[in-house]
Every structure is written in C-alpha cells, then in structure tokens.
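Residue-level structure breakdown
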Amino acid sequence: MALLRSAARTPLGNALCKRLLGGGVVVDRGFGAVAGVGVGAAEQMNLIRQLRERTSAPIKEVKSALVDCQWDIEAAQKELRKRGQVVASKKSSRTAAEGLLALARSEGRAAVIELNCETDFVARNEIFQYLALALAKQALLVENPSDKVSGIYHMGPEHLEGLKLKLEHPKISGETTVQNAITEVAAIMGENVKFRRGYAMCASSHGVLSTYLHTSPQPGLGRIAGILSLEVEDENLQLDALQQVGSELAMHIVASKPLFLTKELVASGALESEREILKSQAETSGKSQMAIDKMVEGRLRKYMEEVVLMEQKFVVNDSINVKTLIGNLSKEVGSSVKIGNFFRMEVGEGIQRNEASSVPEPVAQAV
C-alpha cells in the first residue's frame, strides 16, 4: 500500500493506481482524499494556504491542525491558537533580550514601551511591530499613578496586562487583553515575547516635549529613545522656538548617555565611588599627594562632563556645552528656559542583571 501511495504522487502513477484499484484515488494522508471527508487535493492546498495567511503559523503546524480537525478551517484556527498558547507558555522562561521600543505621543504627554523577543528576526516582523505600537498607544492612556502633574513615571506589566486592546491587523484582530495579545503573537512568532517596561512623561502647563528614536524601522519604533521636556517661564511665549532645540537635545541624550541633569543631582554614593577609583589609579603614578589630589579633581571634572547632561558638550555644536545652549536659548526667546525632565532608554539594557527582579528597570533620567 505504501508503494501505491508513493507511485500515486505522479500523474502517471495516479492513473495507474486508479486502474489497479478500480477507479479509487490513492494519495498520501493530508494531501489527498481523506476517509469520510470529501476534500480534494486542490481544496486541501487552498485551505492550507488560507489558514497560513490567517495565522502565519508554520506550514507543518497548519497542515497538522487541518488534518486533526477534518479540514474544518475555523476549527483548525482555534486549534492552532490553543497549541500556540501552550507553546508560548513553555517558552516564557527563555531570555528575551531583543525587541523594540515603541513611542506614542499626545499633546503634552509621551509614552515609550519596551517589547522584547528572542531574536532580531522577530523584531523585524510586521506583526510584532504592530503589537509594539498598539501597546505604546495603550500606555499613553494609563493614568499617572503618582500625584505629580509633570514628570516621569514607570509602568510595569501589571499596569497594562489586564487592559483591553482593540487590534485591527489581518493576523491578529478583535478585542482582547494586552496579555492575551502578547501570548498570541508569541505563538505566531514561535519565541518568547513579553512586555518588559514602559515610561511616560508629562510636560508642564507651559512647555514642550521632544522625542528622538534611534535605529527606527518605521515611525514610532526604534532601539534607543531619548525624551525630554523644556519649560519656559513666560506663559505667553510661542513655543516654536523651543521645538527645534528640544529635538536636537533629544538626539543628544541618545548619543551622549547622560545619567544626571545637574552636578547637584549626582548621587553622593556614585561620586564617592568614582573618587575612590580615580584615587587608586592616580596613586600608581608615584607622584606626591598634592599632585594626586589635583589629578583626582581633574578627572572628577571630566567624569561630570561625561555623565551630567548640563555639563556635556552639545553633539550638534561641541564648542559649547548644554548649559550654554540653554542660556543662549533663554536670551533668544526673552524668557528663562530650563530642562524639566529627561530620560534615555535602550532595548535590552540591564536585562541579564535584572531579569529575575521585580524592581523597575533603571533608565537614565532626571526627576
């Protein structure tokens, strides 16, 4: 019988088998007539194609689900979703350090989220990117858990997972929860997919928010994000003049990786730790204590220029630092301008160190 099935896969062989078996068609299970089911080979191939287009599942899984459901495409689609949820659950413990940041904005507010996966290949997938953008839009609607009118606030998975999400993508559509949408995409992708964190920033009543996304495959997506708010004292001032400088500063934050807004905000512990390191390095020079002290202070100033935003050389014009830039902008608009808040965020940063921790992930920020 196996020999007949093998021969029947060619037109000539199939014709011969028909004559030998009295007109019956012999084909392999899954691509021919199945006992009790009047579905021809052409229709089976069509159903496989349709279900694969609907779900993006591997063709082997698509065929298996259709065979198990006797070629009922609706039942097979439900079966694939059940199988996918089981697979996604099994893969949820695997490290997901790749992915994308997605940014959404409204007037006076911006939200950025990190959606992780296991490989860059999945991060380039349009379904994954669609979900990331949908999550960012949802994060924009989350109410500020703090009492601050302006500032930065963190959103963990617990803030989004139970919320309703309306999806309108050909492969994932309808209303579902955020967690179910993530599970469904994980099943389609065959990788661990998870929402890791989100941050939102609100501008003051008279100020602007500026954003920049680096390595952006499409608007609203990227691997590194820089966001800051500029505030001005004169409430009657037109804010257009601040937008250009704000956009350049957001790009500067991505490029220069500041950790603190001003020298006064540098954590005393971080400063003392750096001082001890520099002192140990200087002592190996064999110079006098006075010379060592001068070397340490000089290197501390250099450290401040590297990690403090206001002390950093401006990337667009390195003849001035950011403090001078803001001073010049204040003179130009005729009112005092200051940086209210900023933060920088990058896909996968600290993920190995903090993967098992429930503590909010660190981002470079000023509050």
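Refer to the structure above for everything that follows.
As a starting point, this report considers the structure included with it. Just so you know, these numbers come straight off a predicted model, no measurement behind them.

1. Describing the sheet that holds strand S8 (residues 221-222)
Across the sheet, 5 strands lie side by side as S3-S6-S2-S1-S8; this open sheet has antiparallel pairing. The open sheet has two edge strands with one neighbour each: strand S3 (151-155) and S8. In the sheet, strand S1 (residues 98-106) pairs with S8 via 2 bridges, with the strands oriented antiparallel. Paired with Leu-101 across the strands is Gly-222, a residue of S8.

2. Describing helix H10 (residues 240-256)
Helix length check: H10 (17 residues) gives 25 Å between terminal C-alpha atoms against 24 Å at 1.5 Å per residue, within 8%. Buried residues in H10 make contact with strand S7 (207-214), strand S9 (224-232), helix H13 (322-333) and strand S10 (337-346). Of the residues trailing H10, Lys-257 is marked for its positive phi of about 55°.

3. Re the packing of helix H7 (residues 126-141) against helix H9 (residues 178-189)
At their nearest, the axes of H7 and H9 sit 10 Å apart, and the two run at 170° to each other. Judged by the inter-axis angle, H7 sits roughly antiparallel to H9. With respect to the hand of their crossing, H7 and H9 are arranged in left-handed fashion. In contact with Ile-127, Phe-128, Leu-131, Leu-135 and Gln-138 of H7, H9 contributes Val-178, Ala-181, Ile-182, Val-185, Ile-188 and Met-189. For the contact of H7 with H9, the residue count by class is 10 nonpolar, 1 polar and no charged.

4. Examining the packing of helix H11 (residues 268-283) against helix H12 (residues 289-307)
At a minimum axis distance of 9 Å, the contact between H11 and H12 shows a crossing angle of 135°. If you check the angle between H11 and H12, you find them oblique. Crossing handedness for the pair H11 and H12: right-handed. Residues Ala-270, Leu-271, Glu-274, Arg-275, Leu-278, Lys-279, Gln-281, Ala-282 and Glu-283 of H11 touch H12, and the partners they reach there are Gln-289, Ile-292, Met-295, Val-296, Glu-297, Arg-299, Leu-300, Tyr-303 and Met-304. Its residues assigned to classes, the contact of H11 with H12 comprises 10 nonpolar, 2 polar and 6 charged.

Parameters at a glance
Residues numbered from 1 in each chain as written. Predicted model: local features only at pLDDT ≥ 70, side-chain atom pairs only at ≥ 80, totals over all residues. Heavy atoms only, no water. Pairing = 2+ DSSP bridges. Helix = DSSP H or I, 4+ residues; strand = E, 2+ residues; numbered from the N terminus. Expected span 1.5 Å × (residues − 1). Contact = heavy atoms within 4.5 Å. Axes fitted to C-alpha atoms, helices over the stretch in contact; angles between N-to-C directions. Parallel < 35°, antiparallel > 145°, perpendicular 65-115°, else oblique. Left-handed = near helix turned anticlockwise from the far one by under 90°. Nonpolar A, V, L, I, M, F, W, Y, C, P; charged D, E, K, R; others polar.

Read these as layout, nothing more, since geometry by itself doesn't imply function.
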